[in-house]
Amino acid sequence: MIKKFFHQFASPKSYFAIANKFVKPFLALFFLLYIGALVWGLFFTPSDVVQGDSYRIIYMHVPASFMAQILFVVMAITSAIFLIWKLKLAAYVSKSIAPIGAIVTFFALFSGSIWGIPTWGTWWQWDARITSTLILFIMYLGLISLHASFENKDKADKFFSVLVLIGVVNIPIIKKSVDWWSTLHQSASITLTSKPAIDPVMLYPLIFSIISFIGLIFGLVILSSQNEILKREKYKSWIKNI
Amino acid sequence: MNQDSLTNMLRMGDHGVYVWIVIIVLFVILGSTIILLNRKIRQAKQEINEET
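Residues numbered from 1 in each chain as written. Chains lettered and ligands numbered in written order. Predicted model: local features only at pLDDT ≥ 70, side-chain atom pairs only at ≥ 80, totals over all residues.

A.B. asks: Help me understand the overall build of chain A in this model?
C.D. replies: Helix and strand counts for chain A stand at eight helices and zero strands. What you see in chain A, going N to C, is helices and strands ordered as α-α-α-α-α-α-α-α. At 20 Å, chain A has a C-alpha radius of gyration in line with the 18 Å of a compact globule built from 242 residues. Across the 242 residues in chain A, those meeting the buried criterion constitute 40%. For chain A, long-range pairs separated by at least 24 residues make up 78% of all intrachain contacts whose partners lie at least 6 apart in sequence. (Helix = DSSP H or I, 4+ residues; strand = E, 2+ residues; numbered from the N terminus. Rg over C-alpha atoms; globule rule 2.2 N^0.38 Å. Buried ≥ 20, exposed ≤ 12 C-beta atoms within 10 Å, placed from the backbone. Contact = placed C-beta atoms within 7 Å.)

A.B. asks: What is the right way to look at the nonpolar core in this model?
C.D. replies: Soluble globular proteins: nonpolar side chains tend toward being buried together. Judged by nonpolar contacts, the single largest core of 62 residues is most densely connected at Ile57, Leu71, Ile100, Val104 and Ile217 of chain A. For this core, the secondary-structure elements that each account for two or more residues are helix 2 (12-43), helix 3 (58-85), helix 4 (88-120), helix 5 (128-149), helix 6 (153-167) and helix 8 (200-232) of chain A together with helix 2 (16-51) of chain B. It is helix 4 of chain A that provides the largest number of residues to this core, a total of 16 residues. For isoleucine 217 of chain A, the residues in contact, after removing those within four places along its chain, are Met67, Ile100 and Val104 of chain A. (Core = buried A, V, L, I, M, F, W, Y, C linked by C-beta atoms within 7 Å.)

A.B. asks: Explanation requested: helix 6 of chain A in the structure shown.
C.D. replies: Residue and element names in this part refer to chain A. Helix length check: helix 6, at 15 residues, gives a terminal C-alpha distance of 20 Å against a target of 21 Å (1.5 Å per residue), a fit within 8%. Taken together, the buried positions of helix 6 are Asp157, Phe160, Ser161, Val164 and Gly167. When helix 6 is viewed along its axis, its buried side chains cluster within an angular range of 130° and face the same direction. Among the exposed residues of helix 6, those pointing more than 90 degrees away from its buried face are Lys155, Val162 and Ile166. In this fold, the buried residues of helix 6 make contact with helix 3, helix 4, helix 5 and helix 7 (170-180). (Expected span 1.5 Å × (residues − 1). Arc of directions from axis to C-beta.)

A.B. asks: What is the right way to read the environment of aspartate 157 of chain A from this model?
C.D. replies: Residue and element names in this part refer to chain A. Counting through the fold element by element, aspartate 157 comes out in helix 6. Taking the C-alpha atoms as reference, aspartate 157 lies 8.6 Å from phenylalanine 82; in sequence the two are 75 residues apart. Every residue in contact with aspartate 157, bar those within four places of it in the chain, is listed here: Phe82 and Ala91.

A.B. asks: Got a minute to help me understand the interface of chain B and chain A in this structure?
C.D. replies: Bring the parts together and some accessible area is lost; that lost area is often taken as the interface size. At the interface, 22 residues of chain B touch 28 residues of chain A. Top element by residues in the side of chain B that touches chain A is helix 2 of chain B. It accounts for 16 residues.

A.B. asks: What is the right way to read the packing of helix 4 of chain A against helix 5 of chain A from this model?
C.D. replies: How two helices sit against one another is set out by the angle between their axes and by the gap between those axes. All names here are of chain A. Orientation of helix 4 relative to helix 5, taken along the N-to-C sense of each, is 150°, at an axis distance of 9 Å. Taken together, the axis directions place helix 4 and helix 5 in an arrangement best described as roughly antiparallel. Of the two possible hands of crossing, helix 4 and helix 5 adopt the one that is left-handed. Residues Lys95, Ala98, Pro99, Gly101, Ala102, Thr105, Phe106, Ala108, Leu109 and Gly112 of helix 4 pack against Ile130, Thr133, Leu134, Leu136, Phe137, Tyr140, Leu141, Leu143, Ile144 and His147 of helix 5. (Axes fitted to C-alpha atoms, helices over the stretch in contact; angles between N-to-C directions. Parallel < 35°, antiparallel > 145°, perpendicular 65-115°, else oblique. Left-handed = near helix turned anticlockwise from the far one by under 90°.)

A.B. asks: Would you mind going over the packing of helix 3 of chain A against helix 6 of chain A with me for this structure?
C.D. replies: All names here are of chain A. Put simply, helix 3 and helix 6 touch, their axes get as near as 9 Å, and they point 130° apart. Relative to helix 6, helix 3 is oriented oblique. As helix 3 runs across helix 6, the sense of the crossing is left-handed. Note on element contacts: helix 6 touches helix 3 through Asp157, Ser161, Val164 and Leu165, opposite Met75, Ala76, Ser79, Ala80, Phe82 and Leu83.

A.B. asks: I keep staring at unusual backbone geometry and nothing clicks. Help me out?
C.D. replies: Keep in mind that most residues, glycine aside, have a negative phi and that most peptide bonds are trans. Even without being a glycine, lysine 86 of chain A presents a positive backbone phi close to 55°. Here lysine 86 of chain A lies in the loop between helix 3 and helix 4.

A.B. asks: Explain helix 2 of chain B here, please?
C.D. replies: Helical geometry note: an α-helix holds 3.6 residues per turn, so side chains three or four residues apart project in the same direction. An ideal rise of 1.5 Å per residue puts 52 Å on 36 residues; helix 2 of chain B measures up with 52 Å between its terminal C-alpha atoms. All buried positions along helix 2 of chain B are accounted for by Tyr18, Val19, Val22, Leu26, Leu30 and Leu37 of chain B. Packing partners of the buried residues in helix 2 of chain B comprise helix 2, helix 3, helix 4 and helix 8 of chain A.

A.B. asks: In this structure, what is going on with the environment of serine 14 of chain A? I would like to understand it.
C.D. replies: All names here are of chain A. Turning to its location among the elements, serine 14 is positioned in helix 2. Here serine 14 falls in the partly exposed class, since 15 other C-beta atoms lie within 10 Å of it. Serine 14 has contacts with Gln8 and Phe9, leaving out every residue within four places of it along the chain.

Next up, the structure:
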């Protein structure tokens, strides 16, 4: 029964129908939740003793940086599913994550640069965390260009998926860069193994902003995957009835 | 809450301008992505309907 359910859901037709029904309320819900998290973090938390009010960029920069990496990992999982089980939907989802990932990574770099001006006195440093995140951004752009350069989209999906699986090695490098090298970028304030190095007054809106941003970005991924399905399946008979 | 405290809250001190730049860019990016994707989906559906 579970196998049947997955096979049914994994068809572009079923996925599109479900996504079409839920994507808008899903996006609206997480958009509102994220605005709530931002209002909480920006206006109802105290200033930081060292950084003053510029630390409030954390409520946008940290969720974006986190999502930039999570999206690549999800893309690697869907790419692996496509290569192993030849599920077309996995390839479509993988492809549709790339532009959203590029946008989120760009915003993570941008917000970090702006935050760096008052905090570090510079908007850019070639330190390990920032450079590895820039490489992630370039990888997203490279993957988009690679897929677009192929006439044969089935071939493009295969090359795309293999490159994603190679590129995912950059994610642990980004994660560990602040521990492996001496960097200007601070080490992680929230880890699974130790007590957060951030006061609960600032931590709770941060966690709320991360969770709501995850929902919001996955909403965008669903929207992007619907667009991909419409492009790729436009000559299929089921699509005439949408 | 009087007007002065509201203004102070929105100004976010000396570095408020950096925070506001990031907020504006974030919402421009999110808004334009949602609008663009919705438009592309609508166009694709229209094309499919015209072909049929």
